[in-house]
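Spelled out from the first residue to the last, the chains are:
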Amino acid sequence: KPLLVKYKAGTLTPEFLRRVVQLSTSETAPLDVRDFLREYGIRIVVERHLPRTYIDGAAIIVSKSEPVIGLTLRYDRVDNFWFTLMHELAHIALHLNNESDVFYDDLDIEGEDDPQEREANQLAAEALIPHEVWLANPASRLRTPMAVEHLATKLHINPAIVAGRMQHESKNYQLLRNLVGSGKVRELFPEIKWEVT
């Protein structure tokens, strides 16, 4: 359905992005954030990723002032949903200026050699858990469920985001894997045929 509001450049400030992340605490957060962003002229489209493709998300401008974020939910995890969403919002905030701009992202690739990917990663990470807060918090050193809960409560965010940050920082993706929200995102989009037949 058509958007009722046109996106205004400059909407996606760091403060606005933090507000978006704070929607993550509800059970239906991916649906809630989709509705919330529509009110600011940003459309989210969720589609199953094509076999043998490795796209997690995309950010494009489909027509003047109408940014669209595509998400594949290639990894059905709450932490991955939020990082991918924030990465694509960062591209809109920082890099999308006209209809010829488009970003397709495989977030398994660090993208450190691409300045725009590096900037999007930095803004996404800062929106999810501000760097100064992370460094000052015991969660940056203690890899425990209690440390996850403590920081998530302090920031008013989903604990999966904190657990995912711990995994990423330690490069140990088995760590606290029961806390990253596996299997909790795709089920909110039952209209999509997730399994390839």
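This is a predicted model, so every value here is computed, not measured. (Residues numbered from 1 in each chain as written. Predicted model: local features only at pLDDT ≥ 70, side-chain atom pairs only at ≥ 80, totals over all residues. Heavy atoms only, no water.)

> So what's going on with the overall build of the protein? Which residues, and what values?
A tally of regular secondary structure across the protein gives seven helices and four strands. Each helix (α) and strand (β) of the protein, taken in turn from the N terminus, gives the series α-α-β-β-β-α-β-α-α-α-α. By the burial criterion, 48% of the 197 residues in the protein qualify as buried. Intrachain contacts of the protein at a sequence separation of at least 6 include 67% that bridge at least 24 residues. For the protein, the accessible area works out to roughly 10600 Å², and carbon and sulfur atoms hold 55% of it. (Helix = DSSP H or I, 4+ residues; strand = E, 2+ residues; numbered from the N terminus. Buried < 20%, exposed > 50% of the residue type's maximum accessible area, 1.4 Å probe, protein only. Contact = heavy atoms within 4.5 Å. Areas by Shrake-Rupley, 256 points an atom, 1.4 Å probe, with all protein chains shown as cover.)

> Give me the lowdown on the nonpolar core, citing residues and values where you can.
In globular proteins that are soluble, nonpolar side chains generally tend to be buried together. Ranked by internal contacts, the top residues of the largest apolar core, which has 55 residues, are Leu37, Trp82, Leu85, Met86 and Leu89. At eight residues, helix 3 (residues 78-94) tops the list of elements feeding residues into this core. (Core = buried A, V, L, I, M, F, W, Y, C linked by side-chain atoms within 4.5 Å.)

> Tell me about helix 4 (residues 115-128), and please be specific about residues and values.
Here helix 4 is 14 residues long and its end C-alpha atoms lie 20 Å apart, about the 20 Å a rise of 1.5 Å per residue gives. Listing the buried residues of helix 4 in full gives Glu117, Ala120, Asn121, Leu123, Ala124, Ala127 and Leu128. (Expected span 1.5 Å × (residues − 1).)

> Residues and numbers for the packing of aromatic side chains, please.
For the coordinates displayed, the defined rule picks out four aromatic pairs. Judged by centre distance (5.1 Å) and plane angle (50°), the rings of phenylalanine 36 and tyrosine 40 are tilted. Classification of phenylalanine 36 by relative accessible area gives buried; the value is 14%. One aromatic cluster in this structure is built from Phe16, Phe36 and Tyr40. For arginine 165, the ring lying beneath its charged end belongs to tryptophan 134, and the centroid distance is 4.7 Å. (Phe/Tyr/Trp six-rings, centres within 6.5 Å; stacked < 30°, edge-to-face > 60°. Lys NZ or Arg CZ within 6 Å of the ring centre and 35° of its normal.)

> Which residues make up helix 7 (residues 159-170), and what are the values?
Given 3.6 residues per helical turn, the α-helix brings residues three or four places apart onto the same face. When the terminal C-alpha atoms of helix 7 are compared, their 17 Å separation across 12 residues agrees well with the 16 Å that a helix rising 1.5 Å per residue should span. Tucked inside the fold, the buried residues of helix 7 contact helix 1 (14-21), helix 3, helix 4, helix 5 (131-136) and helix 6 (145-155). Of the residues flanking the start of helix 7, the one acting as N-cap is asparagine 158, its side-chain oxygen 2.8 Å from the backbone nitrogen of alanine 160. (Polar contact = N/O pair within 3.5 Å; in protein donor to acceptor, adjacent residues only side chain to side chain.)

> Lay out the pattern of salt bridges in plain terms, naming residues and giving numbers.
Per the stated rule, a full pass over the model turns up four salt bridges. With a shortest N-O distance of 2.9 Å, arginine 43 and glutamate 66 are connected by a salt bridge. In this pair, arginine 43 is assigned in strand 1 (residues 43-46) and glutamate 66 in strand 3 (residues 66-71), connecting sequence segments 23 residues apart. The exposure classification of arginine 43 matches that of glutamate 66, with both residues buried. A salt bridge links glutamate 169 to arginine 165; the nearest nitrogen and oxygen atoms lie 3.0 Å apart. Placement of the pair is glutamate 169 and arginine 165 together in helix 7, with a separation of four residues, close to one helical turn. Under the relative-accessibility criterion, glutamate 169 is labelled partly exposed at 42%. (Salt bridge = Lys/Arg side-chain N within 4 Å of Asp/Glu carboxyl O.)

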